[in-house]
Amino acid sequence: MSTQSIQTLAVAEHVRLCCPPEEAPYAELAAETIRQSLPLIESLWGLKPPRQVRVYLHANWLRAMLHGAPLDGKLAVLLTLPFRYVFLNRLWKLAGGWTQRFPMVSLVTVKSPPHLRQSDTNLGQKLFVKIEDEADKFRFILSHELPHAYSLHLRLPVWLSEGMAMLTSDRLLGMQTVLPETLEFTQRAAQRQHQRFEARISLRKPEQILEMYARGYWITRYLLEQQPDALRSVLAKPMNPADLENQLARALGWPRGQFWWHINAAVLSAYPPAAPEA
């Protein structure tokens, strides 16, 4: 891909928006979404801007990755591509966008509204409120990815990283984007013994993916509303999951090592699920 085929727009001091000519009609929508999202990310989570973010509005994930990654990142991509291509290609069909971290650069790739229509939404329909307006769908996707660009260096637990992303989209759109009935996953978890999320999520286990996103949303929302300073404190530097959980538990008045013993009941108390209709 030639460099000349990509148009670049400086949206903020540390953010560049890149797109091929055919995506140019959506560049202003993307730029405005970025401008609205960055202050939200910094104020909600207390995160500092990364050194450089490149946002690609592109339908082809591989071309965007090879264009946007620094030289050493390109070499790593090419060396690992034979082992990862099938997985990444399958994931891209499900996703509206994704974020990757390379040395010195966070690379965000999102699909434009026409290409979002072609994504597989079967899983998302079970998790998210239906958004009819195509521009709002795009804003939802891009505002979800940008917090990842700010936080990938922290190596956060997936439940927290995704929870932050979904809540940022809530704030940008001014609505709850996650279905209330997803609290059912928290109800099920409360009936089991305490249990961390599995470190690796399999695309072959859709229920596992839904649980991680749903519980991550409600837990992160609870922490943001009940202990915002404690939450921002654990986002100040990289921290292993056990230390992160213990620091949050201490802020919530729970014994060390018992975050997962208490969090599900606390979430359900704060956000009581609606009673099933007779």
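In this report, the structure presented in the accompanying data block is examined. (Residues numbered from 1 in each chain as written. Predicted model: local features only at pLDDT ≥ 70, side-chain atom pairs only at ≥ 80, totals over all residues. Heavy atoms only, no water.)

Phi at Met104 takes a positive value of approximately 75 degrees, unusual for a residue other than glycine. Structurally, the position occupied by Met104 is in the loop between β4 (97–102) and β5 (105–110). Given a relative accessible area of 51%, Met104 falls into the exposed group. (Helix = DSSP H or I, 4+ residues; strand = E, 2+ residues; numbered from the N terminus. Buried < 20%, exposed > 50% of the residue type's maximum accessible area, 1.4 Å probe, protein only.)

Take the packing of aromatic side chains next. Under the criterion given, the structure shown has 10 aromatic pairs. An angle of 90 degrees between the planes, with centres 5.0 Å apart, marks the rings of Tyr217 and Trp218 as edge-to-face. The class for Trp218 is buried, based on a relative accessible area of 3%. Between Trp218 and Tyr271, the aromatic rings sit 5.3 Å apart at their centres with planes inclined by 50 degrees, giving tilted as the arrangement. Note that Trp218 is positioned in helix α8 (residues 206–226) and Tyr271 in the segment after α11 (259–270), a separation of 53 residues in sequence. Using a relative accessible area of 10% as the deciding quantity, one classes Tyr271 as buried. Each member of the aromatic cluster is reached from another via a ring pair, and the members are Trp61, Tyr85, Trp92 and Trp98. One Lys or Arg, Lys111, reaches over the ring of Trp92 and ends 4.9 Å from the middle of that ring. One Lys or Arg, Arg188, reaches over the ring of Phe185 and ends 5.0 Å from the middle of that ring. (Phe/Tyr/Trp six-rings, centres within 6.5 Å; stacked < 30°, edge-to-face > 60°. Lys NZ or Arg CZ within 6 Å of the ring centre and 35° of its normal.)

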